[in-house]
Amino acid sequence: MHSFIEVLHSFIIYAISAVFQTKLMKLQSSLLQSPQFSKLVSLIVAVTGEIGNNSFDHNLGKWPDVPGIFFGYDLNKRLIVLADRGLGILETLSRVRPELKNHVEALRVAFTEIISGRDPERRGNGLKFIREVITENPMSLFFRSGDAELRLQEGESELSITRAEADICGCLAIIKF
Amino acid sequence: MKVELKKFGTTLISRQAGKEALASFQPTLGEIGASENLEIDFSGVITFSPSWGDEFLVPLLNQLGDRFILLPTDNPSVKVTVKLLEKISGKKFRTG
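Residues numbered from 1 in each chain as written. Chains lettered and ligands numbered in written order. Predicted model: local features only at pLDDT ≥ 70, side-chain atom pairs only at ≥ 80, totals over all residues. Heavy atoms only, no water.

Chemist: Would you mind going over the overall build of chain A with me for this structure?
Modeler: The helix and strand inventory of chain A stands at six helices and five strands. Each helix and strand of chain A, ordered N terminal to C terminal, gives the series α-β-α-α-β-β-α-α-α-β-β. With 177 residues in all, chain A has 52% of them scored as buried. Within chain A, contacts between residues separated by at least 24 positions form 55% of all contacts whose residues are at least 6 apart in sequence. Surface exposure of chain A reaches about 8,700 Å², of which carbon and sulfur atoms provide 56%. (Helix = DSSP H or I, 4+ residues; strand = E, 2+ residues; numbered from the N terminus. Buried < 20%, exposed > 50% of the residue type's maximum accessible area, 1.4 Å probe, protein only. Contact = heavy atoms within 4.5 Å. Areas by Shrake-Rupley, 256 points an atom, 1.4 Å probe, with all protein chains shown as cover.)

Chemist: Just to check I follow, could you spell out the packing of helix H3 (residues 41-59) of chain A against helix H3 (residues 76-89) of chain B for this structure?
Modeler: Axis angle and axis distance: for two packed helices, these are the angle between their axes and the distance between the axes, and together they describe the pair. Taken N-terminus to C-terminus, the directions of H3(A) and H3(B) make an angle of 50°; their axes are 7 Å apart at the nearest point. By the angle class used here, H3(A) and H3(B) are oblique. Side by side, H3(A) and H3(B) meet where Ser42(A), Leu43(A) and Ala46(A) of the first sit next to Pro76(B), Ser77(B) and Val80(B) of the second. Looking at the contact of H3(A) with H3(B) residue by residue, the class counts come to four nonpolar, two polar and no charged. (Axes fitted to C-alpha atoms, helices over the stretch in contact; angles between N-to-C directions. Parallel < 35°, antiparallel > 145°, perpendicular 65-115°, else oblique. Nonpolar A, V, L, I, M, F, W, Y, C, P; charged D, E, K, R; others polar.)

Chemist: What should I look at first to understand the pairing of strand E2 (residues 69-74) of chain A in this one?
Modeler: Regular strands place side chains that alternate from one sheet face to the opposite one. Taken together, the six bridges between E2(A) and strand E3 (residues 79-84) of chain A define a ladder with antiparallel strand orientation. Bridge pairing in E3(A) places Ile69(A) opposite Asp84(A). (Pairing = 2+ DSSP bridges.)

Chemist: Honestly, the pairing of strand E4 (residues 140-153) of chain A in this entry has me stumped. Any pointers?
Modeler: Residues and elements named next belong to chain A. Of all 14 residues in E4, 12 are buried; the element is thus mostly enclosed. Examined bridge by bridge, E4 and strand E5 (residues 160-176) share 11 bridges and lie antiparallel to one another. Its bridge partner being in E5, Arg144 is matched across the sheet by Leu172.

Chemist: Help me understand the pattern of salt bridges in this model?
Modeler: When the charged atoms of two side chains with opposite charge come close together, those side chains can pair. This structure, assessed with the given rule, holds 11 salt bridges over all chains. A salt bridge links Glu55(B) to Arg15(B), with the nearest nitrogen and oxygen atoms 2.7 Å apart. Of this pair, Glu55(B) sits in helix H2 (residues 50-64) while Arg15(B) sits in helix H1 (residues 15-29), and the two are 40 residues apart along the sequence. Taking relative accessible area as the criterion, Glu55(B) reaches 13% and is therefore assigned buried. Each of Arg97(A), Glu99(A) and Glu113(A) takes part in a single network of salt bridges with overlapping partners. (Salt bridge = Lys/Arg side-chain N within 4 Å of Asp/Glu carboxyl O.)

Chemist: Help me understand the nonpolar core, please; the structure alone is not making it clear to me.
Modeler: Nonpolar side chains tend toward joint burial in soluble globular proteins. Within the largest apolar cluster, 79 residues are counted, with the highest numbers of intra-cluster contacts made by Phe111(A), Leu141(A), Phe143(A), Phe56(B), Leu57(B) and Phe68(B). Other than its neighbours up to four places away in sequence, Leu57(B) contacts Ile40(B), Phe42(B), Phe48(B), Phe68(B), Leu70(B), Leu85(B) and Phe93(B). (Core = buried A, V, L, I, M, F, W, Y, C linked by side-chain atoms within 4.5 Å.)

Chemist: Even after reading the chapter, I still don't get the interface of chain B and chain A, so can you show me in this structure?
Modeler: The interface of chain B with chain A comprises 21 residues on the first partner and 25 residues on the second. Buried surface at the junction of chain B and chain A, both sides included, amounts to about 1,800 Å², of which 61% is carbon and sulfur. There are one salt bridge connecting chain B and chain A. For Lys83(B), the salt bridge is made with Glu132(A), and the minimal N-O distance between the two is 2.6 Å. For the side of chain B that touches chain A, the elements supplying multiple residues, two or more each, are H1, strand E4 (47-48), H2 and H3 of chain B. (Buried area = accessible area lost by both parts, 1.4 Å probe.)

Chemist: Is there a simple way to think about the environment of Asp74(B) in this case?
Modeler: Locating Asp74(B) in the fold gives a position in the loop between strand E5 (68-70) and H3. A sequence separation of 31 residues divides Asp74(B) from Ser43(B), and the C-alpha atoms of the two residues are 8.9 Å apart.

Chemist: I keep staring at the environment of Lys128(A) and nothing clicks. Help me out?
Modeler: Relative to the elements of secondary structure, Lys128(A) occurs in helix H6 (residues 126-135). Exposure remark for Lys128(A): the relative accessible area of 9% places this residue in the buried category. Distance in space between the C-alpha atoms of Lys128(A) and Leu27(A) is 23 Å, their sequence separation being 101 residues. Look past the residues within four positions of Lys128(A) in its chain and what remains in contact with it is Val109(A), Ala110(A), Phe111(A), Thr112(A), Glu113(A), Ile114(A), Ile115(A) and Leu84(B).

Chemist: Hey, could you run me through the sheet that holds strand E3 (residues 38-41) of chain B in this one?
Modeler: Strands in a sheet are paired, the pairing made by backbone hydrogen bonds, and the direction either parallel or antiparallel. Residue and element names in this part refer to chain B. Across the sheet, which stays open at both edges, the four strands sit in the order E1-E3-E5-E6 with parallel pairing between neighbours. The outermost strands of the open sheet, each flanked by one partner alone, are strand E1 (2-4) and strand E6 (94-95). One ladder, built from three bridges, connects E3 with E5; its direction is parallel. Within E5, the position partnered with Ile40 by the bridge is Leu70.

Chemist: I keep staring at helix H5 (residues 103-112) of chain A and nothing clicks. Help me out?
Modeler: An α-helical turn contains 3.6 residues, so a residue and the one three or four places further along point in the same direction. All names here are of chain A. By the criterion of burial, H5 is predominantly enclosed, with seven of the 10 residues buried. Summarising the contacts, the buried residues of H5 are in contact with helix H4 (88-94), H6, E4 and E5. Two or three places before Val104, at the opening of H5, Asn102 has a side-chain oxygen 3.2 Å from that residue's backbone nitrogen. (Polar contact = N/O pair within 3.5 Å; in protein donor to acceptor, adjacent residues only side chain to side chain.)

Here you go:
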């Protein structure tokens, strides 16, 4: 029973962006209390914020089924997880890049090219920021959208994107630090 | 004129918050003299992201050009964000 309640507590969906911002501030406060994270706090919070806010910004009024995001973290395991059941990168970018054929191509464009799924508002450049931060700091990122999986870590200039067996709805991000 | 960004918050992340900050700053912006510089002070800011910066810093850069100055900071999230915003906007920020 105890473990069931723990699992239940760890699966909290934040349907409102403002609630996510509040929980993000709580993550920042927790990180600031741990001296070992002091050099990375601003970068960890900025990366997490960009991924979470992307989910809200790109899916506003278009959530296919469940609105909002999952946001959980365990500082002892140095792990942050975000997930949404939104449109995903391919469908979002297809509006401005209709030639994109699959999730792998879409993920590569999202992490490398200055492009926006909501042109001319210039949105969507947070993923380039995330790539820069991850590759230059002791952090790693697993990012999945559709059937495309991206793995990024410190010192890796080339993107590693592979195709998974199954397709998922929306995006999943796992940040380690 | 010097603006302390911490007055808008210490965690400057979302696009919406950046837009609101710029809107609330507009009346103050109107008080700046025609040849006066606007300096942005990042001290006290803990986290800064491209979404917030794109909504606040880039419009001010477009509006003020060389009169818009970013003061030095050691905050890594500010440094990476400014670099990306320069790439996106195709313009360089003047630093103080």
